[in-house]
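Tertiary structure, described
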Amino acid sequence: MTDDTTTGQKPASGPEGALATDEPELGAAMAQLSTAPVEDRGQAVQGSFGGVRAPGVKGGAAWTGREVLGWARWFWRQLTSMRVALILLFLLSLAAIPGSVIPQSGVDPTAVQDLRAQNPTLGEVYDALQLFDVYSSVWFSAIYILLFVSLIGCIVPRTWQFTGQLRARPPRAPRRLDRMPAFTTWRTDASPEDVRDAARKLMRGKRYRVATDDGAVPAVASEKGYLREAGNLLFHIALIVLLVAFAAGQLFRAEGGTLVTVGGSFSNTLSQYDDFSPGSLFTPDDLEDFSFRLKDFESSYEESGPNRGSVRTARAEVAYRTAPGGVEQQTTIEVNEPLEIGNTKVYLLANGYAPVVSFTDASGNVAYRGPVPFLPQDTNLTSSGVVKVPDALNEKGEREQFGFQGFFVPTFGGADSGSMFSRWPEPRYPVMFLTGYHGDLGVDAGIAQNVYQLDTDNMKQFKDEDGSPFAKKLLPGESMELPDGNGTLKFEGVKRWANFQVAHQVGSGWALAGALAAIAGLAGSLFIQRRRMWVRAVAGPDGTTTVEMAGLGRSESPRLPEELGELAYALQSKAPPSAPADAPTESGAEAGGAPETPSRGDRPWTR
């Protein structure tokens, strides 16, 4: 993004601004310490926006091509500025709030329908504002695209400029090095050529880019800290990668849930899902080809302590194939340890119990047999559920539908209270309590039904001889016989079931890479300083050589004078001060020691 505070021009105020005012030739030395584009202020203007003046049209005059171009350039500069990019980021975060507060059609269509039914007027307003589909709405997409364009419009010119800086030589030394923010000097008996050769080797050893200034007064120019701008560009590129990854993740994502009992299987097709939520650009052809079979499910629970009864381990043993007819592979799915197949991950979400029941109708035929998943209601897995028998014969020999609803508890604890609740989540004392109905289940109406609920609107409950509702408590192996010989339901045993979330995720790897790159780029742009160093050696009339060293950074930093002092101290090993050991040098440093920062009156030379 364009940093409006560093435009690459001569500062108008502050220490660097004072330097530019006092010594115009320092402009070349201070130029290109940033890749921020330089503002074009030669345009005639009437208004301004954010401190950047915009082109204007004189009253009543027709627009010319130059004025239209001026407005286009002004708009582009605003769009690619740091200020506007931050505003767009803030707007994007605000725009995401309704998507997390208001139910979304692609995530929970049932909640959307309930809200419309309960608040018709509010539902119409939400529909008009596209608040039920925030992330695919026109206004959210507009903010997202503008931010995307803003980042690209910032990165491309800065990358081009930074590439040019990498190929360019460090700038020539200013005529007055003593006007630099960090400066020191001393005299030595070494020749100017030897001093410059030693300075070049020293700077290269410190990984500076070095060039020889063959001007009127030869000098050594060096520069370091290019990773600051590289980090800045990396940060912006990483933001684009993150935006692309998040967009792809929303557009091409798909999530679905499926409940599988032990011994059952799942194939990754739409008909196998209990619920399915795709992205706007996702198609069934994007589903990975795989299937798996739940071989076993094991869980353990805390036996004591404050977390007694909470899950300690939950493990699903599955066998899966990555292609029809492929080799079957074995694996274990645990919480936060999904099965990964291509861009799809299979997560373990929940588990419970599925009582195995059989129903024998009045004619003696087994009309139904199999496990029936019951849904947990508490942490001890007290579960509720229904058994539906859609095709059976009653005592009159007529076809009729039967339904049973009730509870299952793995460890029965309601013997004294007459209620159904579980004392422990493991099947230590499994009990099932059911009441029976007969009539029309509604499964033939062609309308989707919740398999865990029983619609009793068109059904009648069986009654005991005294007219009370017919119900019975069953242990494994026990049966309940319906009144009038309508049939028998037997509780044969218990199986476990596991609920899996199948998530088709695109761009997760790119999002992670972008996040890591953004952190690395931000660290580089914050902690690396772009700086330049110059060394000038001039022969004096007394036969000694005057050595001048100066440093300049993109911004003021206490590290710059320290670094200059360290370099000067290292250079003195090849160009020692000519002053006696007990006399201070011109810069105030002891002979053989690091030159101190000289002062000019009450103002230090090193700023």
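From a predicted model like this one, the values you see are computed outputs, not experimental measurements.

**Let's talk about the sheet that holds strand β23 (residues 531–539)**
- The strand order β3-β24-β23-β5-β4 describes an open sheet built from 5 strands, whose pairing is antiparallel. If you trace the sheet from one side to the other, it starts and ends with β3 (182–188) and β4 (209–213), each paired once. Taken over all neighbouring pairs, the strand axes of this sheet differ in orientation by 15° on average, direction set aside.
- With 5 bridges connecting them, β4 and strand β5 (residues 219–224) associate as antiparallel partners. Its bridge partner being in β5, R209 is matched across the sheet by E223.

**A look at the packing of aromatic side chains**
- According to the stated counting rule, one finds 17 aromatic pairs in the structure shown.
- Centroid distance W139 to F140: 6.4 Å. Interplanar angle 80°. Geometry classified as edge-to-face.
- A relative accessible area of 10% places F140 in the buried class.
- On the numbers, 6.3 Å between centres and 90° between planes, the contact of F408 with F491 is edge-to-face.

**Points about the nonpolar core**
- The biggest cluster of nonpolar side chains holds 24 residues, and the ones touching the most others in it are L92, Y126, F132 and F140.
- Of all the elements in the fold, those that place two or more residues in this core are α4 (82–101), α5 (109–118), α7 (138–167) and α9 (226–251).
- With 6 residues, α7 is the largest single contributor of residues to this core.
- Among residues more than four places away in sequence, those in contact with Y126 are I102, L115, L131 and F132.

**With respect to unusual backbone geometry**
- Phi is positive for Q130, which is not a glycine, with a value near 60°.
- Tracing the backbone through its elements, the reader meets Q130 in the loop between α6 (120–128) and α7.
- The partly exposed category is assigned to Q130, whose relative accessible area is 30%.
- A positive phi angle, near 65°, is found at L381, a position not held by glycine.

**Some details on the sheet that holds strand β9 (residues 291–301)**
- Taken in spatial order, the 4 strands line up as β7-β9-β10-β11 in an open sheet, and their pairing is antiparallel. The two strands at the open ends of the sheet, each matched to only one other strand, are β7 (265–267) and β11 (329–334). Recorded for the sheet is a direction-independent mean angle of 30° between the axes of neighbouring strands.
- As paired elements, β9 and strand β10 (residues 311–321) share 10 bridges and run antiparallel to each other. Across the sheet, the residue bridging to L294 is V318, located in β10.

Rules and cut-offs
- Residues numbered from 1 in each chain as written.
- Predicted model: local features only at pLDDT ≥ 70, side-chain atom pairs only at ≥ 80, totals over all residues.
- Heavy atoms only, no water.
- Pairing = 2+ DSSP bridges.
- Helix = DSSP H or I, 4+ residues; strand = E, 2+ residues; numbered from the N terminus.
- Axes fitted to C-alpha atoms, helices over the stretch in contact; angles between N-to-C directions.
- Phe/Tyr/Trp six-rings, centres within 6.5 Å; stacked < 30°, edge-to-face > 60°.
- Buried < 20%, exposed > 50% of the residue type's maximum accessible area, 1.4 Å probe, protein only.
- Core = buried A, V, L, I, M, F, W, Y, C linked by side-chain atoms within 4.5 Å.
- Contact = heavy atoms within 4.5 Å.

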